[in-house]
Amino acid sequence: MQELRDAPLAPLTTFRLGGPAARLVTATTDAEVVAAVREADADGTPLLIVGGGSNLVIGDKGFPGIALRIATRGYELVGTRLELAAGEVWTDAVARTVEAGLAGVECLAGIPGSAGATPIQNVGAYGQEVSSTITEVVAYDRRAGETVVLTGEECAFSYRHSRFKAEPERYVVLRVRFALEDAGGLSAPLKYAETARALGVEPGDRVPLADARETVLKLRAGKGMVLDAEDHDTWSAGSFFTNPILTDADFAAFHARVRERLGDAVEPPAYPAGQGHTKTSAAWLIDKAGFTKGYGSGPARISTKHTLALTNRGTATADDLLALAREVVDGVREAFGITLVNEPVMVGVEL
């Protein structure tokens, strides 16, 4: 294991902001990961797990304990069964499954971060979620002091949520196992209307895997959601807020606020989200509350390509970013009575 003291963490995050860690430990094997976690737990030292850094907001004061960077590698494909080490670069793994002619994660192309992070928040985009293909997660259980294997069902997946997110101090993901589909080189049935439109097909249709992946990458790039060091719109954590899921009563109240503010002809986005619940669009809420693309005058601003991404224009601090996030949350709440919830993990700070 490599260890550094007073180590900068900003370069390890896609936001490129935040203070240093008292200790930065880089682990390249599962055994090293477990050893570092056990050491921290035995000493009572605060522990921060760092993968690809695409879902972290680290405070300007940094982290006072051990930041454990998981840099494990491992890609094993047997038939349609795939196992990834937690440190594998997710978008590279997706590309390899497409090259192998297997469907199931092709619409998750371009998502930054590591494979080990995908089950934590049930990563999803363009009609796919990892929960539909994950069969098992191998993790170190800090409470039990042993490595365990959790089935997909035991992971308790839901929209941008999981058992791992519900118990953030308990599990450290080591490996993720997937069951993919051999559809003769075709994608899984397309579920997202925007993707289908871009491909000139109908929702439910299948297309060549490479076409699905390339189309998603183009759509994401158009929204600043594919990492590019030269493009400050990608100095972000992607979608900063989750899409609100409202009860029928709350949605009715929201609908009334929309009519009052925007007129009877305006219909807010509404998607089924289980019995008695409706999901609406955080991006729509932000835009209609007056926070348009490029909003802001300081070093932290809303992306010029997508209202759901808050960005570092090059010199932003965590305090700058959080000030913008709070302004957006307050504005949406005042306009529509809905409180947005941040998607990235907050380290040493909160909204």
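Below is a summary of the structure that appears in this document.

Cut-offs and rules
- Residues numbered from 1 in each chain as written.
- Predicted model: local features only at pLDDT ≥ 70, side-chain atom pairs only at ≥ 80, totals over all residues.
- Heavy atoms only, no water.
- Pairing = 2+ DSSP bridges.
- Helix = DSSP H or I, 4+ residues; strand = E, 2+ residues; numbered from the N terminus.
- Contact = heavy atoms within 4.5 Å.
- Axes fitted to C-alpha atoms, helices over the stretch in contact; angles between N-to-C directions.
- Expected span 1.5 Å × (residues − 1).
- Buried < 20%, exposed > 50% of the residue type's maximum accessible area, 1.4 Å probe, protein only.
- Arc of directions from axis to C-beta.
- Phe/Tyr/Trp six-rings, centres within 6.5 Å; stacked < 30°, edge-to-face > 60°.
- Polar contact = N/O pair within 3.5 Å; in protein donor to acceptor, adjacent residues only side chain to side chain.
- 1 Å grid on protein atoms, 1.4 Å probe; cavity = no way out; pocket = protein on both sides within 12 Å on 5 of 7 lines; lining within 4 Å.
- Points joined across faces, edges and corners; volume = space filled by probe spheres on them.
- Nonpolar A, V, L, I, M, F, W, Y, C, P; charged D, E, K, R; others polar.
- Salt bridge = Lys/Arg side-chain N within 4 Å of Asp/Glu carboxyl O.

## Some remarks on the sheet that holds strand S14 (residues 271-272)
Okay, so step 1: Pairing in this open sheet of 3 strands is antiparallel, and the strands run S13-S15-S14 from one edge to the other. Of all the strands in the sheet, just strand S13 (245-247) and S14 have a single pairing partner and so form its edges.
Okay, so step 2: Strand direction decides the pairing type here: S14 and strand S15 (residues 277-279), joined by 2 bridges, are antiparallel. Across the sheet, residue Pro272 finds its bridge partner in S15, namely Thr278.
Okay, so step 3: Against the sheet, helix H6 (residues 248-262) engages S13 and S15, with an angle of about 100° to S13.

## Some points on helix H1 (residues 30-43)
Okay, so step 1: Along its 14 residues, H1 runs 20 Å from first to last C-alpha, staying within 8% of the 20 Å computed at 1.5 Å per residue.
Okay, so step 2: Among the residues of H1, Val33, Val34, Ala36, Val37 and Ala40 are the ones counted as buried. On an axial view of H1, the arc spanned by its buried residues comes to 165°, and they lie on one face. Among the exposed residues of H1, those oriented more than 90 degrees off its buried face are Ala31, Ala42 and Asp43.
Okay, so step 3: Packing partners of the buried residues in H1 comprise strand S2 (20-27), strand S3 (47-50), strand S5 (63-70), strand S10 (134-141), strand S11 (146-151) and strand S12 (171-179).
Okay, so step 4: Gly44, located one to two residues past H1, shows a positive phi value of around 70°.

## Quick notes on the environment of Phe241
Okay, so step 1: Within the secondary structure, Phe241 sits in the loop between helix H5 (209-222) and S13.
Okay, so step 2: Those residues in contact with Phe241 that sit more than four places away from it in its chain are Ala282, Ile286, Leu308, Leu310, Ala325, Val328, Val329, Leu340, Val341, Asn342, Glu343 and Leu351.

## Section: the packing of aromatic side chains
Okay, so step 1: In this structure the tally under the stated criterion is 10 aromatic pairs.
Okay, so step 2: Between the aromatic rings of Trp284 and Phe336, the centroid separation amounts to 5.8 Å while the plane-to-plane angle is 40°, which identifies the pairing as tilted. Within this pair, whereas Trp284 is found in helix H7 (residues 282-288), its partner Phe336 is found in helix H8 (residues 318-336), the two being separated by 52 residues in sequence. You'll find Trp284 and Phe336 in the same group, each marked buried.
Okay, so step 3: With centroids separated by 5.0 Å and ring planes inclined at 85°, the aromatic side chains of Phe291 and Tyr295 adopt a geometry described as edge-to-face.

## Brief notes about the side chain of Thr14
Okay, so step 1: With respect to the helices and strands, Thr14 occurs in the loop between strand S1 (2-8) and S2.
Okay, so step 2: Taking relative accessible area as the criterion, Thr14 reaches 9% and is therefore assigned buried.
Okay, so step 3: Here Ser236 takes part through its backbone oxygen, which lies 2.6 Å from a polar atom of the side chain of Thr14.
Okay, so step 4: In contact with Thr14, other than residues within four places in its own chain, are Gly52, Gly53, Ser54, Leu227, Thr234, Trp235, Ser236 and Ala237.

## Digging into the layout of surface pockets
Okay, so step 1: Volume-wise, the second largest pocket comes out at about 440 Å³.
Okay, so step 2: Forming the boundary of the second largest pocket are 27 residues, of which Gly51, Gly52, Val89, Gly113 and Leu227 lie nearest the centre.
Okay, so step 3: Looking at the lining of the second largest pocket, its residues break down into 11 nonpolar, 11 polar and 5 charged.

## Structural notes on unusual backbone geometry
Okay, so step 1: For Asn122, which is not glycine, the phi torsion reads 50° and is therefore positive.
Okay, so step 2: By secondary structure assignment, the location of Asn122 is in the loop between helix H2 (90-99) and strand S8 (124-125).
Okay, so step 3: Judged by its relative accessible area of 1%, Asn122 falls in the buried class.
Okay, so step 4: Even without being glycine, Arg160 reaches a positive phi, approximately 50°.
Okay, so step 5: Overall, Arg160 belongs to the buried group, its relative accessible area being 15%.

## Points about empty space enclosed by the protein
Okay, so step 1: Here the structure, examined in full by the defined rule, presents 1 cavity of 30 Å³ or more.
Okay, so step 2: Its volume calculated, the largest cavity comes out at about 30 Å³.
Okay, so step 3: What lines the largest cavity is Cys107, Tyr126, Gly127, Gln128, Ala188, Pro189, Leu190 and Lys191.
Okay, so step 4: Looking at side-chain class alone, the lining of the largest cavity contains 5 nonpolar, 2 polar and 1 charged residues.

## Description of the pattern of salt bridges
Okay, so step 1: According to the stated counting rule, one finds 21 salt bridges in the structure shown.
Okay, so step 2: The partner of Glu39 in a salt bridge is Arg23, with the nearest N and O atoms 3.2 Å apart. A residue pair is termed long-range when its members are at least 10 positions apart, and Glu39 in helix H1 and Arg23 in strand S2 qualify at 16 residues.
Okay, so step 3: Linking Arg313 and Asp233 is a salt bridge whose minimum nitrogen-to-oxygen distance equals 2.8 Å. Placement of Arg313 in the loop between strand S17 (310-312) and H8 and of Asp233 in the loop between H5 and S13 is noted, with a sequence separation of 80 residues between them.
Okay, so step 4: Overall, the relative accessible area of 26% leaves Arg313 in the partly exposed class.
Okay, so step 5: Residue Asp233 is classed as buried on the basis of its relative accessible area of 1%.
Okay, so step 6: Through salt bridges that share partners, Asp30, Glu83, Glu136, Arg175 and Arg177 make up one connected network.

Read these as geometric descriptors, not functional statements.
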